[in-house]
Amino acid sequence: MSEKFDVIVIGSGPAGYVAAIRAAQLGFKTACVEKWRNEEGKGVNGGTCLNVGCIPSKALLDSAYKYHEAKDDLAIHGISTKEVKMDVPAMIARKGQIVKNLTGGIAGLFKSNGVTSLFGTGKLLAGKKVEVTDFEGKTVTYEAEHVILASGSNPINIPVAPVDNDVIVNSTGALEFQAVPKRLGVIGGGVIGLELGSVWNRLGSKVIVLEAMDSFLGMMDQQIAKEAQKILTKQGLDIRTSSRVTGSKVKGKEVTVTYTDKDGKEQTETFDKLIVCVGRRPYTEGLLAADSGVKFDERGFIFVNEHCATNIAGVWAIGDVVRGPMLAHKGSEEGVMVAERIAGQKSQINYDIIPSVIYTHPEVAAVGKTEEQVKASGEPYTIGTFPFSASGRAMAANETQGLVKIIAHAVTDRILGCHIVGPSAADLVQQVAIAMEFGSSAEDLGMMVFGHPTLSETIHEAALAVHGHAIHIANKKKKH
Ligand code: FAD
Ligand code: NAD
């Protein structure tokens, strides 16, 4: 008889490991299957986020920012530094240690919550059976009442710039450079391109970002995107929109990229390293037996309803492998929701209020609808903005670039969206997300007491500005 679990989760990224922990907390006999192996060949939990995504990229962003700050930004505070040196291998090693601590932490959490950790490749068979093939090739089949598929996503490859993991890399390779490339090309001016482009730009690379679309950060609020583009360009990122890559040729340790520019003219650029980051796609290789019965949607994601149930009763799917933004926190919340629904609770997710952040410096953060989306919906709206240049706390920190923008319904005053480019935008936008979750109006937010001097006061002022009541800036009230 094969061992039976109440819940088997396949994949231990932020969606899967959170689902497994919550299921175990709720009293279910739970196992989590993971096939990721570290450089020593050992199984590790944590998925993309912990191993090659959110955490390592932020570790390098912080190291690179500290270098830049020490070198270029302290003089204004009256602090002089002598020669500031960087040690790229030490930065990469620090990042590696953080990854090791955090992935090891998941193993500890599994243990303390009673989750059985199985290393190997999991495959869903018909009848909610899960076949696990370990790293030695040994196969064991388990039975489960519920199976949660959390197999994540993989980078999209493009034939015009095939990744060779040497000169042409994807995001994973770009977290491992042992020296600063003099000339760095980035294909794709999205989240990864801007974050990793910023890391190497701050450390001294000349960075050119080739973005196929005509607009910069086309999915974001365009007022904020334009401001972000201005700031990042000033920092040295050479962002070329309407640039469609048509080919690449590696010769020795460099690559020459050809692309058509906004006028349709062919251009070439030569780089020492090229990062391809044109999006990610759901990853389901080897996950499902031919007769598992699980359906996909038209874009290749596992098809699920609003509660992450697939078309097969007792089989669920969460995280990057299903529709919605590819964000760690979205997958984690889906994991909690599914575990709780298995337990008979009525948990749900408000997909309209999922914050997103680009961790450049300053950060770009958003929650809710953009002005473009509100306009297209036909809803009447009012906007309040407040620039960081008018914030005392931002001035004290010499972080005065950017603005907060709050969009409210013109009749109900309910907050529809908040978009920020500026210092600590990630943490600021979360405050508005909390307000939105409680159905706050702009007036409610304006009536709250904010500590002084804080960056949060910019949110207070933007909320007041919705009604033309901002105190520390001249008011421009406008109904749309
Ligand atoms: P994953 O994290 O991809 O985990 C899936 C796991 O399933 C993997 O470990 C995989 O090995 C395993 N698996 C797959 N198939 C099988 C199988 N058959 N058997 C066993 N195991 C299997 N998001 C943010 O919210 N904030 C950020 O700052 C951020 N930064 C990022 C930076 C980079 C460079 C990248 C690449 C991504 C970043 N993301 C960020 C996105 C984030 O990493 C993903 O949204 C998140 O990891 C998705 O979680 P997941 O659990 O669905 O999938
Ligand atoms: P993305 O979708 O953010 O950006 C990809 C960009 O590449 C787009 O602007 C697109 O127009 C452009 N593009 C597509 N094909 C192209 C081509 N052939 N030539 C030039 N440009 C092209 O994708 P990403 O940056 O690869 O990130 C993948 C996912 O990972 C995202 O969905 C994101 O949510 C997630 N992620 C999140 C964070 C974060 O939350 N801070 C950080 C990194 C990654």
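Keep in mind it's a predicted model, so treat the numbers as computed, not measured.

Quick look at the domain arrangement of the protein
Once the domains are mapped, the protein shows domain 1 (4-155 + 281-342), domain 2 (168-278) and domain 3 (362-465). With centres defined by C-alpha atoms, the gap from domain 1 to domain 3 works out at 32 Å.

A closer look at the site of ligand 2
Of all residues adjacent to ligand 2, which total 19 residues, the nearest are I192, E195, E211, G279 and V357. Between ligand 2 and E211, the relevant distance is 2.6 Å, taken from an oxygen atom to a side-chain nitrogen or oxygen of the residue. Here ligand 2 loses 74% of its free accessible area of 840 Å² to cover by the protein chains. By residue number, the principal contributor to the shell around ligand 2 is helix α6 (residues 191-202), which donates 3 residues. Split into classes, the residues belonging to the shell around ligand 2 amount to 12 nonpolar, 3 polar and 4 charged. Two domains each donate at least three residues to the shell around ligand 2, and these are domain 1 (4-155 + 281-342) and domain 2 (168-278).

Description of the site of ligand 1
Taken together, the neighbourhood of ligand 1 is formed by 38 residues, with E34, T48, K58, G122 and D320 sitting nearest. Within the side chain of K58, an N or O atom sits 2.7 Å from an oxygen atom of ligand 1. Taken together, the elements giving at least two residues each to the shell around ligand 1 come down to α1 (14-25), β2 (30-34), α2 (47-52), α3 (54-73), β4 (121-125) and α8 (328-342). It is α2 that provides the largest number of residues to the shell around ligand 1, a total of 4 residues. Partitioned by chemical class, the residues of the shell around ligand 1 number 16 nonpolar, 17 polar and 5 charged.

Some remarks on the sheet that holds strand β19 (residues 363-368)
Pairing in this open sheet of 5 strands is antiparallel, and the strands run β18-β19-β22-β21-β20 from one edge to the other. The sheet is open, and its two borders are formed by β18 (356-358) and β20 (381-387), each paired with just one other strand. Looking at each pair of strands side by side, their axes are set apart by 10° on average, direction ignored. Pairing of β18 with β19, which is carried by 3 bridges, proceeds in the antiparallel orientation. Bridge assignment links V357 to a residue of β19, and that residue is A365. Along the sheet, helix α7 (residues 222-234) contacts β19, β20, β21 (403-409) and β22 (415-422); its crossing angle with β22, the most-contacted strand, is approximately 5°. Where helix α11 (residues 425-437) meets the sheet, it contacts β18, β19 and β22, and its direction lies at approximately 10° from that of β19.

Here's the deal with the pattern of salt bridges
Opposite charge on two side chains permits pairing when their charged atoms draw close. Taken as a whole and judged by the stated rule, the model has 18 salt bridges. The residue E195 makes a salt bridge to K58 at a minimum N-O spacing of 2.8 Å. One end of the pair, E195, is in helix α6; the other, K58, is in helix α3, and 137 residues separate them in sequence. Residue E195 is classed as buried on the basis of its relative accessible area of 6%. For the salt bridge of D272 with R183, the shortest nitrogen-to-oxygen distance reads 2.7 Å. Separated by 89 residues along the polypeptide, D272 in the loop between β14 (266-271) and β15 (273-276) and R183 in strand β9 (residues 183-187) bring together distant segments of the chain.

Structural notes on the nonpolar core
Counting 38 residues, the largest nonpolar core has L194, V199 and I275 as the members making the most contacts within it. Elements supplying a minimum of two residues to this core: α3, α4 (88-113), β9, α6, β10 (206-210), α7 and β19. No other element matches α7, which puts 5 residues into this core. Core analysis: the second largest hydrophobic core is formed by 29 residues, F386, V429, L455 and V466 among them.

A short note on the packing of aromatic side chains
Pairs of aromatic rings are described using the distance from one ring centre to the other and the angle between the two planes. Tallying each qualifying case throughout the model produces 2 aromatic pairs. On the numbers, 5.2 Å between centres and 50° between planes, the contact of F177 with W200 is tilted. Pair noted here: F177 is in the loop between α5 (171-174) and β9 and W200 is in helix α6, with a separation of 23 residues, a long-range link. An identical accessibility class is assigned to F177 and W200; each is buried. The ring of F5 is capped by K29, whose NZ or CZ atom sits 4.8 Å from the centre of that ring. Between R37 and the ring centre of F135, over which it is positioned, the NZ or CZ distance is 4.2 Å.

Digging into α4
With 26 residues, α4 should cover 38 Å at 1.5 Å per step; its first-to-last C-alpha distance of 38 Å lies within 8% of that length. All buried positions along α4 are accounted for by V88, M91, I92, K95, V99, T103, I106 and F110. Note on α4: the residue one or two positions beyond its end, G114, has a positive phi of about 80°.

Conventions we followed
Residues numbered from 1 in each chain as written. Chains lettered and ligands numbered in written order. Predicted model: local features only at pLDDT ≥ 70, side-chain atom pairs only at ≥ 80, totals over all residues. Heavy atoms only, no water. Domains from an automatic or database assignment. Near = heavy atom within 4 Å. Polar contact = N/O pair within 3.5 Å; in protein donor to acceptor, adjacent residues only side chain to side chain. Areas by Shrake-Rupley, 256 points an atom, 1.4 Å probe, with all protein chains shown as cover. Helix = DSSP H or I, 4+ residues; strand = E, 2+ residues; numbered from the N terminus. Nonpolar A, V, L, I, M, F, W, Y, C, P; charged D, E, K, R; others polar. Pairing = 2+ DSSP bridges. Axes fitted to C-alpha atoms, helices over the stretch in contact; angles between N-to-C directions. Contact = heavy atoms within 4.5 Å. Salt bridge = Lys/Arg side-chain N within 4 Å of Asp/Glu carboxyl O. Buried < 20%, exposed > 50% of the residue type's maximum accessible area, 1.4 Å probe, protein only. Core = buried A, V, L, I, M, F, W, Y, C linked by side-chain atoms within 4.5 Å. Phe/Tyr/Trp six-rings, centres within 6.5 Å; stacked < 30°, edge-to-face > 60°. Lys NZ or Arg CZ within 6 Å of the ring centre and 35° of its normal. Expected span 1.5 Å × (residues − 1).

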